[in-house]
Amino acid sequence: MRVSIDTLPGGANPNEDWVAGTPSLAIVLDGLSTAGLSTGCRHGVPWYVAHLGGQLLASLADPGRPLTEGLAEALERVAQLHPRCDLKNPGTPSATVAILRRRHEVLDHLLLADSPIVLATDEDFTVLTDLRVDSVLPELRAAVEQHETHTPGHREALQQLVHAQRQIRNTTEGYWVAAGDSRAAAHALTGVVPLSKVRDAAVMSDGVSRLVTEYGTATWSEIFNTLRCRGPRRLIEDVRETEATDPTGRRWPRYKPGDDAAVAYCQW
């Protein structure tokens, strides 16, 4: 498997996405926004995703190891790296997880929260994603979208949403992400697809997939044409150029003017 990767921050703040590729793995992590609220951790989200990503590469070095088991071990190891932080704080640094692995003649996948994996076949595209977060707190999500970015109303509404999300994150009433408790790995969505049915694939953060899912300015066919011909960096630049046409979120309401973006493009 050949994996091409790239990632760029959405603005001036440090990148909270992380991506890596090996001859058998593609991993994308998308750090969850803190919206300026306390996390109980002195390290921050970029530190968290970098260390979780590194631990995932180590824990999944054995190609036969179940992805959920590898994720659980990685979560536990990262927790051990900052024991003095308050890992039970509901705002502790956290992230989405998307993993695609080639194992002999099959592709294994794992998803925790809304970073998608898209499989291209000869006929169509299959989007694998975990959208459990979309089913909770719809009123607060709508309240954020009523404001243009960079306005006081937007910041206040976003903080209210994030605060409420933290109370149900990693609970049966809410949705699941990678954070301080390794038991979240058991709630990941997993599956297996025969390699023979897939032409190529992309693992990405929602900062990239929104070109199709939120902005509607591209199709999956166009996304893959860009990846095949010009690579991940050009695709991320397409996102930035699209967002630049709507800098305050008037046309496409969103949490911030530009989201961090990461993509791993897989061929075999």
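My aim in this report is to walk through the structure given alongside it, one point at a time.

Here is what the cut-offs are and how they apply
- The residue count restarts for each chain, going from 1 along the sequence in the order it is written.
- Thresholds applied to this predicted model are a pLDDT of at least 70 for local features of residues and 80 or more for the giving and counting of side-chain atom pairs; totals over whole chains, interfaces and linings are not thresholded and use all residues.
- Side-chain metrics in this entry use all non-hydrogen atoms of the structure; hydrogen atoms and water are not considered.
- Among buried residues, the Ala, Val, Leu, Ile, Met, Phe, Trp, Tyr and Cys ones that are joined through side-chain atoms within 4.5 Å form a nonpolar core.
- Relative accessible area decides the class of each residue, using a 1.4 Å probe on protein chains only: under 20% of the type maximum gives buried, over 50% gives exposed, and in between gives partly exposed.
- Helix and strand assignments come from DSSP, with helices taken as H or I runs of at least 4 residues and strands as E runs of at least 2, each series counted from the N terminus.
- Contacts between residues were defined by any pair of non-hydrogen atoms, one from each residue, lying within 4.5 Å.
- In the cavity and pocket records, a cavity denotes points on a 1 Å grid over the protein atoms alone where a 1.4 Å probe fits but cannot get out, a pocket denotes an open set with protein on both sides within 12 Å along at least 5 of 7 lines, and lining residues are residues with an atom within 4 Å of a point.
- Grid points are joined across faces, edges and corners, and a volume is the space filled by probe spheres set on the points.
- Classification used: nonpolar for Ala, Val, Leu, Ile, Met, Phe, Trp, Tyr, Cys and Pro, charged for Asp, Glu, Lys and Arg, polar for all others including Gly.
- Any carboxyl oxygen of Asp or Glu that lies within 4 Å of a side-chain nitrogen of Lys or Arg is treated as forming a salt bridge with it.
- Helix axes are fitted only over the stretch in contact, all axes being lines through C-alpha atoms; the angle between N-to-C directions runs from 0 to 180 degrees.
- Each angle receives one of four descriptions, namely roughly parallel if under 35 degrees, roughly antiparallel if over 145, roughly perpendicular if within 65 to 115, and oblique otherwise.
- Two strands are counted as paired when DSSP detects at least two bridges linking them.

One recurring pattern in soluble globular proteins: nonpolar side chains tend to sit buried together. Of all hydrophobic cores here, the largest spans 27 residues; its most connected members are L29, Y48, L52, L56, L71, V97 and I99. If one sorts the elements of this core by residue count, helix 1 (residues 45-59) sits on top with six residues. In this view, L29 contacts E16, D17, W18, V49, L52, G53, L56, T96 and V97; residues no more than four positions away in its chain are not counted. Core analysis: the next-biggest nonpolar cluster, separate from the first, contains 20 residues, M204, V208, Y215 and W220 among them.

Let us now look at the layout of surface pockets. For the second largest pocket, the calculated volume is near 230 Å³. What lines the second largest pocket is a set of 15 residues, among which L87, N89, P90, T92 and N170 lie closest to the centre. Looking at side-chain class alone, the lining of the second largest pocket contains four nonpolar, seven polar and four charged residues.

Inspection of the entire model under this criterion finds 20 salt bridges. Here D134 and R141 are joined by a salt bridge, their closest N and O atoms 3.3 Å apart. Taking the shortest distance from any N to any O, the salt bridge between R183 and D181 comes out at 2.7 Å. For R183, a relative accessible area of 61% gives the class exposed. By relative accessible area, D181 is classed as partly exposed at 30%.

Moving on: helix 5 (residues 206-213). Burial within helix 5 is extensive, with seven of its eight residues counted as buried. Among the residues making up helix 5, those that are buried are D206, G207, V208, S209, R210, L211 and V212. Where helix 5 is buried, its residues touch strand 3 (25-31), strand 9 (200-204), helix 6 (220-244) and strand 10 (261-267).

The interhelical angle for the contact between helix 5 and helix 6, taken along N-to-C directions, is 100°, at an axis separation of 9 Å. In terms of axis orientation, helix 5 runs roughly perpendicular to helix 6. Residue-level inspection shows G207, V208, S209, R210, L211, V212 and T213 of helix 5 in contact with helix 6, the latter providing W220, I223, L235, I236, D238, V239, T242 and E243. In the contact of helix 5 with helix 6, the residues fall into eight nonpolar, four polar and three charged.

Taken together, the five strands give an open sheet; going across it, the order is 1-10-9-6-7, and neighbouring strands pair in antiparallel fashion. The open sheet has two edge strands, strand 1 (2-8) and strand 7 (125-128), and neither has a second partner. Neighbour-to-neighbour, the strand axes of this sheet turn through a mean angle of 15°, independent of strand direction. Pairing geometry for strand 6 (residues 117-120) and strand 9, over four bridges, is antiparallel. Within the sheet, the bridge partner assigned to A120 lies in strand 9 and is D200. In this fold helix 5 packs onto strand 9 and strand 10, with an angle of close to 80° to the strand it touches most, strand 10. Set on the sheet, helix 6 makes contact with strand 1, strand 6, strand 7, strand 9 and strand 10; between it and strand 1 the angle comes to about 30°.

Honestly, it's all geometry; don't read function into it.
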